[in-house]
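If you want the building blocks of each chain, they are given just below.
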Amino acid sequence: MSSEEKTFLLKSEGGLDTVSSAIELFETPGLAARLMNFQPTVSSGYEQVRGYQKFGTAAPGGAISAKVTSVYSYYDGAVCTKGGKIYFSQDGNSWIQVNKNTAGAFHNATTLAPLASLNRNTSSTEQYRFVEYHNGTNLELLFCDTLGTNPISRLTIRGTSTLEYKYENSIASEWPSSTIKYPTFIEVHNDRMVAGGFSTDKTLLHYSNLFNPLDFAGGGFIDNADELIWAKGFRKNLMIFGRNKISEVISLGNSAQQTIQDVTRNIGCISGDSIQEVGGDLVFLAPDGIRTIAATARIGDVSLSTLSVKINPLLHEYIVNLNQYTISSTVIRNRNNYRIFFHKAGELSKAQKGIGGVLRGGQGGLQWEWCEYRGLPCYSVQTSYTSAGKEVSYHASNDDFVYLHDVTDKFNGADIPAVYQTPEISLGDSGFRKTLHAIQLYAKSTTGYTTSIKLTYDDVADPSRSPPGYRIEVDHTGSAYYSETNYGTAIYGRSKDPYERVLVEGSGKTFNIKVASIGSANYSIQGMAITYFVNGRQ
C-alpha cells in the first residue's frame, strides 16, 4: 500500500561526472551523468549552449579551394587566413586581402589592392598564432604559423571611416642566426616578443629587444633544455611550457636580474593551443588531463593542480590520439567559460567535439564544473572585446567561411542537440521501490523553450519498464512582470512562471531523468521537484 506523497528537491549543479561510483552519485544527484551542449553557469544550473552562424555572407577570397584555417578578432572585425593569404573584414560581407607589400607605408583599400602579395607557405592543416602589441600609437597584430617555414608577420590597421593598412614580414637581419627565424609560437611579455618552436632547435626561446618586437638580433635567448611547447605571461613573469617540465622566467631580458626556476620537472604541456588564462590562473592540457598553474597565497609562488578529474575518461580519448586532432581553445569571460575543441579531419560538423569548463563559486569556494560540446566545429576559435567593450567570439571550421561563435540558438541554422541526464537517483534508500507521480522542472528563459523528459527506472533501458517521454512547451513571448516591458506589448494570461509540472508514471528502486532540447531557444535548468510515493522494501 502506498505511503503519503513526498517531494524531493534536486538542484542542478556540479557539472558532468564520469568517474564517481553509483553510491557516491546517490549523495550528489545534481551532478550530470551526461551533459552535452548544456553547460554549467556561474550562478547555478545548466544552460543550453549558444550556437554559431556565418559572419556575414561572403567567403574570404571567394569560392577557392583553400579553406579558412585561423581567425582572430582585431580592429572591430576579423582577420583570417586562407591559402597563404590574410584577409580582413568588419562585417563579413566585404573582405580585403591585407598581406600586401606596403613597403612600410599605410595604404587605403584602393591603393592596397594593386600591390604585390606577400604570400606565405601554406597547407590545409596549418594554424596561426596571433598576439597584439601596442607601439604607443597603434595596436599591431603579429602572427606566425605551425609550418615553421614562414617569418613573423605584422599587420597594422588605423583610421575610422577610411581604414588604412600596413603589412610587413620579419627579415633575416632581425634574427641572430639565419637558421633560426621561423618560429611556430610567439608571445608578447613586458614589451618584448618571445618566440620558439623552431624546426632547427626546439629547445631555444628567443626574446626581442625592448619596445621592438621584431628585433631579435638585439635581444637574447634561453635554452630550456626541453622541447618547447609554449610561453605565456603570468603576472609579472613568463611561464615556459615544455613537453616534460614547466619553468618560470623572472625579469626577462634584465641581465642583472633575470632568473629561471622550475615550477615542475614531473609534468609538461602537450598542446600550447590549450593554454588560456581563466580567473587569474593559467589552464593547460597535460598528459594526465587539464591542469592549472595557480597563484598561491605566497607572493611569487605558484602551485599545480588537476582540474578535470571528473571527466578524465572523456579527455583520455583525445590525449592518447592527440595527433588525430587539431586543438583550439578560448575563454568566454562573461561566463567564466573555458572551451577546448578537438577538431578531427574528415568528420562532419555535427560530430565535432569539445569540452567546456566553468569556474564558479560554491559552498566550498571556487570550483570547476564540466560539460561536453557536440556539433561545434572549431578548427580555430578566439574571443576578444570590441572598442565598445562588447565580447565577441569567432571560429573557423576549416571550410570556406568565418563564423560568429556563441551566438543564436542554432548551429548554423540547425537545431542544437542538448541533453542533460541525471545520475541514478535513489531518493534516500535504493532498497525501497518508489512510484513517481510528477516532476516539476525549474527553468529560466526569456522567450520560452521546448524540451522532453524521459524516465528510466533501475538503470534498465527497457521500453516495457520505462514510460515514453513527456514533452514540455513553454512560450514566454509577450509575458512580463511589472516594469519589465513596454506598455501594450504583453499578452493577457501569458505565463512567466519559472517552473512547469508534468505528471509521470512508473516505479523503481532507482531512476534517472533525461532532459533533451527539441529545437529550443536558449534556456537554463535550475533543478527539479520530484513528487513520489514509497511502496515498500523489495
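Right above here is the structure, for reference.
Bear in mind that the values here come from a model prediction, so they are computed numbers and not experimental data. Starting from 1, residues in each chain are numbered consecutively following that chain's sequence as written. In keeping with the model being predicted, local features are shown solely for residues with a pLDDT of at least 70 and side-chain atom pairs are shown and tallied solely at 80 or more, while totals for entire chains, interfaces and linings include all residues. Calculated side-chain values reflect all of the structure's heavy atoms, with hydrogen atoms and water omitted.

Focus: the overall build of the protein chain
This is how the line gets drawn: Note on conventions: DSSP H or I runs of at least 4 residues are helices, E runs of at least 2 residues are strands, and numbering of each starts at the N terminus. This radius of gyration counts C-alpha atoms alone. The globule rule is 2.2 Å times how many residues there are, raised to the power 0.38. Burial classification: accessible surface area is computed with a 1.4 Å probe over protein chains only, and a residue below 20% of its type maximum counts as buried, one above 50% as exposed, and the rest as partly exposed. The contact criterion used throughout is that any non-hydrogen atoms of two residues lie within 4.5 Å. Shrake-Rupley sampling with a 1.4 Å probe provides the accessible areas, and residues are treated as covered by the protein chains on show and by no other component. In this charge count, Lys and Arg are treated as positive and Asp and Glu as negative; neither His nor the chain ends contribute. Charged groups are reduced to one reference atom each: NZ for lysine, CZ for arginine, CG for aspartic acid, CD for glutamic acid.
The helix and strand tally for the protein chain stands at 3 helices and 43 strands. For the protein chain, the C-alpha radius of gyration of 26 Å lies close to 24 Å, the compact-globule estimate for 538 residues. Judged by the C-alpha coordinates and their principal axes, the protein chain covers about 90 × 55 × 45 Å. Every one of the 538 residues in the protein chain was classed for burial, and the buried ones make up 52%. A separation threshold of at least 6 residues defines the contact pool for the protein chain, and within that pool the share at least 24 residues apart is 58%. Accessible surface for the protein chain amounts to roughly 23,200 Å². Of this, 48% is attributable to carbon and sulfur atoms. With 48 positive and 51 negative side-chain charges, the protein chain shows a spacing of 2 Å between the two charge centroids.

Quick look at the sheet that holds strand 15 (residues 185–189)
Here is the rule: A pair of strands is treated as paired once DSSP finds two or more bridges between them. Angles shown run from 0 to 180 degrees and are taken between the N-to-C directions of axes, each axis being a line fitted to C-alpha atoms and, for helices, limited to the stretch in contact.
Within the open sheet, the 4 strands sit side by side as 15-16-17-18. Their pairing is antiparallel. Looking at which strands have only one partner, the edges of the open sheet turn out to be strand 15 and strand 18 (220–223). Along the sheet, successive strands turn relative to each other by an average axial angle of 20°, direction set aside. Here strand 16 (residues 192–196) runs beside strand 17 (residues 204–207); their pairing, made up of 2 bridges, is antiparallel. Counterpart to Val194 in the pairing with strand 17 is Tyr207.

Quick notes on the pairing of strand 31 (residues 380–385)
Regular strands show a simple pattern: their side chains alternate between the two faces of the sheet. For strand 31, the tally of buried residues reaches 5 of 6 residues, placing the bulk of the element in the interior. Relative to strand 32 (residues 391–396), strand 31 runs antiparallel, the two being bridged by 6 bridges. Bridged to Val381 within strand 32 is His395. Between the end of strand 31 and the start of strand 32, which pair antiparallel, lie 5 residues, with Gly389 showing a positive phi angle near 85°.

Observations regarding helix 3 (residues 312–320)
We count it as follows: The arc under discussion is defined with respect to the helix axis, by the directions toward the C-beta atoms.
When helix 3 is considered as a whole, its buried residues turn out to be Leu314, Leu315, Tyr318 and Ile319. Along the axis of helix 3, the buried residues cluster in a sector spanning 130°; they form a single face.

Considering unusual backbone geometry
With phi around 55°, Ala225 is a residue other than glycine that occupies positive phi space. Positionally, Ala225 belongs in the loop between strand 18 and strand 19 (228–234). Here Ala225 falls in the exposed class, since its relative accessible area comes to 66%. Even without being glycine, Asn398 reaches a positive phi, approximately 60°. You can see Asn398 is positioned in the loop between strand 32 and strand 33 (402–407).

Quick word on the pairing of strand 37 (residues 432–444)
Two strands pair when backbone bridges link them, and strand 37 and strand 41 (residues 507–508) are joined in this way by 2 bridges, in the antiparallel orientation. Looking across to strand 41, one finds that Lys434 is bridged to Gly508. Two elements, strand 37 and strand 40 (residues 499–503), share 5 bridges in a ladder whose sense is antiparallel. Bridge pairing in strand 40 links Ile439 to Val502.

Structural notes on the sheet that holds strand 12 (residues 139–145)
Spatially, 5 strands are ordered 10-14-13-12-11 in an open sheet, and the strand pairing comes out antiparallel. Unpaired on one side and paired on the other, strand 10 (107–108) and strand 11 (128–134) mark the two borders of the sheet.

Quick look at the layout of surface pockets
Which entries qualify depends on this criterion: Here a cavity is any set of points on a 1 Å grid over the protein atoms alone where a 1.4 Å probe fits but cannot get out, and a pocket is any open set with protein on both sides within 12 Å along at least 5 of 7 lines; a residue lines the site when it has an atom within 4 Å of a point. Grid points are joined across faces, edges and corners, and a volume is the space filled by probe spheres set on the points. Put simply, Ala, Val, Leu, Ile, Met, Phe, Trp, Tyr, Cys and Pro go in the nonpolar bin, Asp, Glu, Lys and Arg in the charged bin, and everything else, Gly too, in the polar bin.
Roughly 920 Å³ of internal volume is contained in the largest pocket. As for the largest pocket, its lining consists of 35 residues, of which Tyr72, Phe130, Lys232, Gln276 and Gln382 are closest to the centre. Going through the elements one at a time, strand 6 (68–74), strand 11, strand 15, strand 19, strand 23 (271–278), strand 27 (325–332) and strand 31 are the ones with two or more residues in the lining of the largest pocket. Counted by class, the lining of the largest pocket contains 13 nonpolar, 13 polar and 9 charged residues. Considering only enclosed or pocket space, the second largest pocket measures out at about 720 Å³ in volume. Lining the second largest pocket are 30 residues, with Gln127, Arg129, Thr146, Asp273 and Tyr325 sitting closest to its centre. By residue class, the composition of the lining of the second largest pocket is 9 nonpolar, 15 polar and 6 charged.

Notes on the packing of aromatic side chains
The condition that has to hold: Within 6.5 Å between ring centres, the rings of Phe, Tyr and Trp (the latter by its six-membered ring) count as paired, and their orientation is classed by plane angle as stacked under 30 degrees, edge-to-face over 60, tilted in between. Sitting over a ring, as applied to charges here, requires NZ of Lys or CZ of Arg to be within 6 Å of the ring centre and within 35 degrees of the ring normal.
Across all of its chains, the model carries 25 aromatic pairs by this definition. An angle of 90° between the planes, with centres 5.7 Å apart, marks the rings of Phe38 and Tyr523 as edge-to-face. Within this pair, whereas Phe38 is found in strand 3 (residues 38–40), its partner Tyr523 is found in the loop between strand 42 (511–517) and strand 43 (524–537), the two being separated by 485 residues in sequence. Like Phe38, the residue Tyr523 is buried in the burial classification. Here the aromatic cluster, defined as three or more aromatic residues joined through ring pairs, consists of Tyr72, Tyr128, Phe130, Phe143 and Tyr167. Between the NZ or CZ atom of Lys54 and the centre of the ring of Phe401, over which it lies, the distance is 3.9 Å. The ring of Phe106 is capped by Arg158, whose NZ or CZ atom sits 3.8 Å from the centre of that ring.

Without other data, these values stay purely geometric and don't point to any function.
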